[in-house]
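# Commentary on secondary and tertiary structure
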Amino acid sequence: MLEKHFSGEKATLTLDGTTYELPVIIGTEGEKAVDIRALRSTTGYITMDSGFMNTGSCSSAITFLDGEQGILSYRGYGIEDLAESCSFVEVAYLLVHGNLPTPKELGSFSRMLGEFAMLHENMIHFFDGFPPNAAPMAILSSMVNSLSSFYPEMTNNPLENIDLMAARLISKVRTIAAFSYKKSMGHPLVYPRHDLSYCANFLNMMFDSPVRPYEVNDVVVAVLNKLLILHGDHEQNCSTSTVRLVGSARVNLYACISAGISALWGPLHGGANQAVVEMLERIHREGGDYRRCIARAKDPKDPFRLVGFGHRVYKTHDPRSRIIKKACDDVLAALRIDDPLLHIAKEIEEAVLKDEYFVERHLYPNVDFYSGIIYRAIGIPTDMFTVMFALGRLPGWIAHWKEMWDDPNWRIGRPRQIYVGPRRRPFVPLKERTLENV
Ligand code: CMC
């Protein structure tokens, strides 16, 4: 895949008086890279790039994103079209298989999702072992890791079984997520149903109860589809890179996804959707004055950040955030909800987009700024927001794991470092050690 993209041009680099030529790579949409894979073996130097701000770790045909122009596409399709016209299951198929499904392919993929929705009954006992207030992300990550012991066929020739594993994971993660919520409430589990669509089935498992049957609401199903699609993939973000890095050691898919879920949990990554609503609730409780938050976010001595703003790659509006903001207005209107948090969020956005500090640093609302307000409106509890992000991101993680596994340029991920500790020194036996000689 990568070899086709060598442009023939060379970059030159002079080190210690010797000039080296480095091949230039140009991607499908024109992104440029200098190939330094032979740098250390030919020059003895490594590159230093904390946070991998300039490092391409792989080539990929899954997602394209242009952070300067605010463009995002999956497998060549604009995110706006997918969010407007597809179901999450169609987009999951697109991400994992590379093309949009035909009606027949969609039918058989959906049937697989229906078939795999149950959990092994032994797994259900695991939920009882968690304390009542366990974080749903901890439960999700542990349960997904445990799938590898129930489905060990995976470990042999994974690419032969990838369709099966992908459908199994996408289906079962939904059940695990809903069961973890029911357990946290102390309510009876609601098993998956064959006759419901992916999102309706999830909502039914979350909200149906013996005393109040759940009625599927099309507005809620549609907005959930949209949110999951918008979270489907985002190229080499922290959790996806985690899935790839763990997988590069040839670890099974379930363990890699479990690691990705853990990475997503962080408040700088997927955990931001929960942190945003907690911040808005705090502002609301304290009378609605958001200006103190903005002032704190700008204070270099205060570690506080205005969650829901800023992105490593987008230096303009995040296209997902625009779609989510509109969906938020639409769904709250359709459900006749007047959420004071939405008013506060809009006031914050308006103030921030005019504020020199944020303008200079290109800080715009990201995917997490408005999504939590929708989740609240459809009854998802705050500590489940990041689980919802994981449900959406799952097909992307699977697609990256599959691509990595099949990549002829694959190597185990193993960065280098510059050692800055003490130089080699004489060992002092325990009995002779003093504060002066250690
Ligand atoms: N509030 C206040 N200042 C900020 C913010 C923010 N939300 N984000 C960045 N900055 C400042 C930062 O202090 C730095 O200022 P200075 O140049 O004066 O030191 C400058 O902007 C550049 O920030 P950075 O930390 O170097 O940027 P980064 O690319 O390493 O970090 C980020 C990206 C998303 C971690 C960061 O913008 C952030 O912490 N945002 C808040 C958390 C958040 O909303 N995360 C969700 C990200 S999108 C979805 C996802 O990935 O899951």
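None of the values given here were measured: they were computed from a predicted structure. (Residues numbered from 1 in each chain as written. Predicted model: local features only at pLDDT ≥ 70, side-chain atom pairs only at ≥ 80, totals over all residues. Heavy atoms only, no water.)

## Re the overall build of the protein chain
The helix and strand inventory of the protein chain stands at 18 helices and six strands. Seen along its three principal axes, the alpha-carbon backbone of the protein chain occupies a region of about 75 × 60 × 55 Å. Counting the 438 residues in the protein chain, one finds 48% classified as buried. Summing over all exposed atoms, the protein chain offers an accessible surface of approximately 22,700 Å²; the carbon and sulfur share of this is 53%. Averaging the positions of the 47 positive and the 51 negative side-chain charges in the protein chain gives two centres separated by 5 Å. (Helix = DSSP H or I, 4+ residues; strand = E, 2+ residues; numbered from the N terminus. Buried < 20%, exposed > 50% of the residue type's maximum accessible area, 1.4 Å probe, protein only. Areas by Shrake-Rupley, 256 points an atom, 1.4 Å probe, with all protein chains shown as cover. Lys, Arg positive; Asp, Glu negative; His and termini not counted. Charge placed at Lys NZ, Arg CZ, Asp CG, Glu CD.)

## Some words on the site of the ligand
Close to the ligand lie 21 residues; His269, Arg305, Leu306, Gly308 and Arg312 are nearest. Backbone polar atom of Gly308 to an oxygen atom of the ligand: 2.8 Å apart, as the coordinates give it. One of the side-chain nitrogen or oxygen atoms of Asn366 is found 2.9 Å away from an oxygen atom of the ligand. About the coverage of the ligand: the protein hides 73% of its 930 Å² of free accessible area. Partitioning the shell around the ligand into residue classes produces 11 nonpolar, six polar and four charged. (Near = heavy atom within 4 Å. Polar contact = N/O pair within 3.5 Å; in protein donor to acceptor, adjacent residues only side chain to side chain. Nonpolar A, V, L, I, M, F, W, Y, C, P; charged D, E, K, R; others polar.)

## What to know about the pairing of strand β4 (residues 63–66)
Of the two faces of β4, both are covered, the one formed by Thr63 and Leu65 as well as the one formed by Phe64 and Asp66. Between the end of β4 and the start of strand β5 (residues 71–74), which pair antiparallel, lie four residues, with Gly70 showing a positive phi angle near 70°. (Pairing = 2+ DSSP bridges.)

## Considerations on the sheet that holds β5
Within a sheet, adjacent strands bond to each other through the backbone by hydrogen bonds, running parallel or antiparallel. If you walk across this open sheet you meet the three strands as β4-β5-β6, and the pairing is antiparallel. The sheet is open, and its two edges are formed by β4 and β6 (77–78), each paired on a single side. With four bridges joining them, β4 and β5 adopt antiparallel strand pairing. By the bridge assignment for β5, Phe64 is matched with Ser73.

## Here's the deal with the domain arrangement of the protein chain
A common way to state how big an interface is: give the accessible area lost once the parts meet. Domain assignment breaks the protein chain into domain 1 (6–66) and domain 2 (77–415). Once you take the C-alpha centre of each, domain 1 and domain 2 turn out to be 32 Å apart. Summed over both partners, the interface of domain 1 with domain 2 buries about 1,100 Å², with 58% contributed by carbon and sulfur atoms. Looking only at domain 1, the three residues that lose the most surface to domain 2 are Ile62, Thr63 and Leu65, adding up to 51% of its buried area. Summed over the shared surface of domain 1 and domain 2, the result is zero salt bridges. There are four residue pairs in polar contact (both at pLDDT 80 or more) connecting domain 1 and domain 2. Residue classes in the side of domain 1 that touches domain 2 are distributed as five nonpolar, five polar and two charged. (Domains from an automatic or database assignment. Buried area = accessible area lost by both parts, 1.4 Å probe. Salt bridge = Lys/Arg side-chain N within 4 Å of Asp/Glu carboxyl O.)

## Re helix α3 (residues 88–97)
Burial runs high along α3: nine of the 10 residues are buried. Burial in α3 covers these residues: Phe88, Val89, Glu90, Val91, Ala92, Tyr93, Leu94, Leu95 and Val96. Immediately beyond the C-terminal end of α3, within one or two residues, lies Gly98, with a positive phi of roughly 100°.

## Some points on unusual backbone geometry
With a phi close to 50°, Phe52 is a non-glycine residue in the positive phi region. Considering the arrangement of structural elements, one finds Phe52 in the loop between α1 (39–43) and β4. Judged by relative accessible area, Phe52 falls into the exposed class, the value being 58%. The backbone of Arg336 shows a phi angle near 55°, a positive value even though the residue is not glycine.

## Notes on the side chain of Ser59
Assignment of secondary structure puts Ser59 in the loop between α1 and β4. Ignoring any residue separated from it by four or fewer positions in sequence, one finds Ser59 in contact with Met1, Leu2, Arg244 and Glu403. (Contact = heavy atoms within 4.5 Å.)

## Quick notes on the environment of His284
Of note, His284 is situated in helix α12 (residues 272–285). Note: C-alpha distance between His284 and Asn204 (80 residues apart in sequence) is 31 Å. Dropping the residues within four chain positions of it, His284 is found in contact with Pro340, Leu341 and Ile344.

## Focus: the nonpolar core
With 118 residues, the main nonpolar core has Leu169, Phe202, Ile257, Leu306, Ile348 and Ile398 as its most contacted residues. If you tally residues by element for this core, the top one is helix α18 (residues 385–405), at 13 residues. (Core = buried A, V, L, I, M, F, W, Y, C linked by side-chain atoms within 4.5 Å.)

## Describing the environment of Glu21
When you line up the elements, Glu21 lands in strand β2 (residues 18–26). Look at Glu21 and you get exposed, because its relative accessible area is 55%. The sequence separation of Glu21 and Ala11 amounts to 10 residues, and the corresponding C-alpha distance is 5.6 Å. Residues in contact with Glu21, not counting those within four places in the same chain, are Lys10, Ala11 and Thr12.

## Thoughts on the packing of helix α6 (residues 136–150) against helix α7 (residues 162–185)
Packing of α6 against α7 leaves a shortest axis separation of 10 Å and a crossing angle of 140°. In terms of their interaxial angle, α6 and α7 are classed as oblique. As for how α6 packs across α7, the hand of that crossing is right-handed. Facing Pro136, Ile139, Leu140, Met143, Val144 and Leu147 of α6, the residues of α7 in contact are Leu169, Lys172, Val173, Ile176, Ala177 and Ser180. (Axes fitted to C-alpha atoms, helices over the stretch in contact; angles between N-to-C directions. Parallel < 35°, antiparallel > 145°, perpendicular 65-115°, else oblique. Left-handed = near helix turned anticlockwise from the far one by under 90°.)

## Description of the sheet that holds strand β1 (residues 6–15)
Strand order in the open sheet formed by three strands is β1-β2-β3, with antiparallel pairing between adjacent strands. Whereas interior strands pair on both sides, the edge strands pair on one side only; in this sheet they are β1 and β3 (32–34). The mean inter-strand angle of the sheet, taken between neighbouring strand axes irrespective of direction, is 30°. Sheet analysis places β1 next to β2, joined by seven bridges and oriented antiparallel. Within β2, the residue paired with Phe6 across the bridge is Ile25.

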